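Report on the structure
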Amino acid sequence: MLVLGIESSCDETGLALVDTQDGLLGHTLHSQIKLHEEYGGVVPELASRDHIKNLLPLLHELLLKTNKSLKDIDIVAYTAGPGLQGALLVASSFAHGFAWSQALPLIPIHHLEGHLLSPMLSEPKLEFPFVALLVSGGHTQIMQVNGIGDYKLLGETLDDAAGEAFDKTAKILGLPYPGGAHLARLAKEGDASAFALPRPMKHSKDLNFSFSGLKTAVMNQYNKLAASEITQKNLADLAAATQEAIVDVLVHKVIEALKMTDSKRLVVAGGVGANQELRSRLKSETSKLGVEVYFPPLEFCTDNGAMIANAASERIKAGKVKLNKNYNQPVRANWPLEDINSFY
């Protein structure tokens, strides 16, 4: 069966075709970085309008790329939440309209499940159970994944997500939007030991995170520098220290989760999963425990249609979804992952 996946939960418009037997056939993606750059962050109304503008051209491009037609599509899957309400409604409305017009089954997909299962796009034989680190601009969670739809939350951020901490501290340092990637590049030029930044909740007796205090500490250090003279070296050192603090906490908590669950497999997903320092540290630390670590390809770390189509395909193969033709399904801007099965 051929699954069309549609993603529009925030500032990427993505479509993909996944065959339940042959895997990913192709995907198309449009990023709104340039659109939101002058505002220093995502403007929800502009994001929604841009999704509307790009969905049809991306679908046309996808069909040409994969040499498929609309009649070849068997199932339509879309991101139903969580995300920006208006942005979610774009993919939902498009999916409902297309599925209804072709009398096709419609599958709502949880955005985070898409990320959780995204390493299967390149590692189709990834086995359950595993521990997963979901780490992005909006989410930082450690999950125990026992199977499709069987997810247990082990720990999460109590305030800022890790990606949010990267972006906010980058803004403090005067780096362009989106800040996280710019901060990581600048950090390569710096000395992380030049500044002593806190590791919030690193030694708490749970697997939760907190990054708002780190952001405040960076601001205080920056203000001290601003009182005298800020140099490129200062900024690079502060960027390196910030990155190391965030990575230290993430790695420490993940290792604790692996030990607690006695898991031998780790999946890292979400936009911050593309951070090379995080990847390097996790590979090094997990190898000491004999743990296999799986990352999605870099192109699938950010939001994309491939992860949505893939999640739908995995649900179909696992028998975890009913292929009905319900064309009246709501979006859920706030949708806890633990409540995922209420939609199926």
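Counting restarts for each chain: residues are numbered from 1 in the order of the written sequence. Side-chain atom pairs in this predicted model are given and counted only at pLDDT of 80 or more, local residue features only at pLDDT of at least 70, and totals for whole chains, interfaces and linings cover all residues. Note: side-chain values were computed over all heavy atoms of the structure, leaving out hydrogens and water.

As annotated in an unreviewed UniProt entry, the chain is tRNA N6-adenosine threonylcarbamoyltransferase from Taylorella asinigenitalis. Taken from UniProt, the Subcellular location (unreviewed entry) comment for the chain reads in full: "Cytoplasm". Per UniProt, the comment on the chain under Sequence similarities (unreviewed entry) is "Belongs to the KAE1 / TsaD family." UniProt positions are given in the numbering used here, feature names are shortened, and annotations may be inferred rather than shown by experiment.

1. Examining the UniProt feature "domain: Gcp-like" (unreviewed entry) in the chain
With numbering aligned to this structure, UniProt lists the feature "domain: Gcp-like" (unreviewed entry) at residues 24–309. Between the end C-alpha atoms of residues 24–309 the distance is 8 Å, and the span holds 48% helix and 17% strand. Secondary structure is summarised from DSSP: a helix means a run of H or I of at least four residues, a strand means a run of E of at least two, and numbering begins at the N terminus for each.

2. Describing the layout of surface pockets
Its volume calculated, the largest pocket comes out at about 1600 Å³. What lines the largest pocket is a set of 47 residues, among which G137, G163, D167, P178 and G271 lie closest to the centre. Going through the elements one at a time, α4 (111–117), α5 (162–172), α6 (179–187) and α9 (276–288) are the ones with two or more residues in the lining of the largest pocket. With 6 residues, the single largest contributor to the lining of the largest pocket is α5. In this analysis the probe radius is 1.4 Å and the grid spacing 1 Å, with only protein atoms considered; a cavity is a set of points the probe fits into but cannot get out of, a pocket is an open set with protein on both sides within 12 Å along at least five of seven lines, and lining residues have an atom within 4 Å of a point. Grid points are joined across faces, edges and corners, and a volume is the space filled by probe spheres set on the points. What the second largest pocket holds in volume is close to 170 Å³. If you trace the second largest pocket, you find 15 residues lining it, with L112, H139, Q141, E156 and P336 closest to the centre. For the lining of the second largest pocket, the secondary-structure elements that each account for two or more residues are β7 (140–147) and β8 (150–156). Where each domain begins and ends is defined by an automated method or by a domain database. Each of domain 1 (2–117 + 300–339) and domain 2 (129–295) accounts for three or more of the residues forming the lining of the second largest pocket.

3. Concerning the sheet that holds strand β6 (residues 130–135)
The rule for pairing is simple: two strands pair if DSSP sees at least two bridges between them. One open sheet accounts for 5 strands, arranged β8-β7-β6-β9-β10; its pairing is mixed. What marks the edges here is a single partner per strand, and that holds for β8 and β10 (292–294). Mean inter-strand twist for the sheet, computed between neighbouring axes without regard to direction, equals 25°. As paired strands, β6 and β7 are joined by 6 bridges and run antiparallel to one another. Residue pairing in the sheet places L133 in a bridge with I142 of β7. Packing against the sheet, helix α8 (residues 232–261) makes contact with β6, β7, β8 and β9 (265–269), and its axis sits at approximately 160° to β6. Any two residues having at least one pair of non-hydrogen atoms within 4.5 Å are treated as being in contact. With axes taken as lines fitted to C-alpha atoms, and helix axes fitted only over the stretch in contact, angles between N-to-C directions fall between 0 and 180 degrees. The sheet strands contacting α9 are β6, β9 and β10, and the helix crosses β9 at an angle near 175°.

4. What to know about the sheet that holds strand β3 (residues 23–31)
The 5 strands lie next to each other as β3-β2-β1-β4-β5, forming an open sheet whose pairing is mixed. In this open sheet, the two strands that pair with only one neighbour each are β3 and β5 (106–110). Adjacent strand axes in the sheet meet at a mean angle of 20° when their direction is disregarded. Of the pairings in the sheet, the one linking strand β1 (residues 2–7) to strand β2 (residues 12–19) comprises 6 bridges and is antiparallel in character. Following the sheet pairing, L2 is matched in β2 by D19. The sheet strands contacting helix α3 (residues 85–102) are β1, β4 (75–81) and β5, and the helix crosses β4 at an angle near 155°.

5. A few points about unusual backbone geometry
Look at the link from G81 to P82: it is a cis peptide, with omega at -10°. In the segment running from F128 into P129, the intervening peptide bond is cis, with an omega of -5°. Here P129 lies in the loop between α4 and β6. The backbone phi angle of A103 is positive, close to 55°, even though this residue is not glycine. Turning to its location among the elements, A103 is positioned in the loop between α3 and β5. Relative accessibility decides the category of a residue: with a 1.4 Å probe and only protein chains considered, values under 20% of the type maximum give buried, values over 50% give exposed, and everything between is partly exposed. Under the relative-accessibility criterion, A103 is labelled partly exposed at 41%. The phi dihedral of D262 falls on the positive side, at around 55°, and the residue is not glycine. With respect to the helices, strands and loops of the structure, D262 is situated in the loop between α8 and β9. On the basis of relative accessible area, D262 is assigned to the exposed category, the value being 60%.

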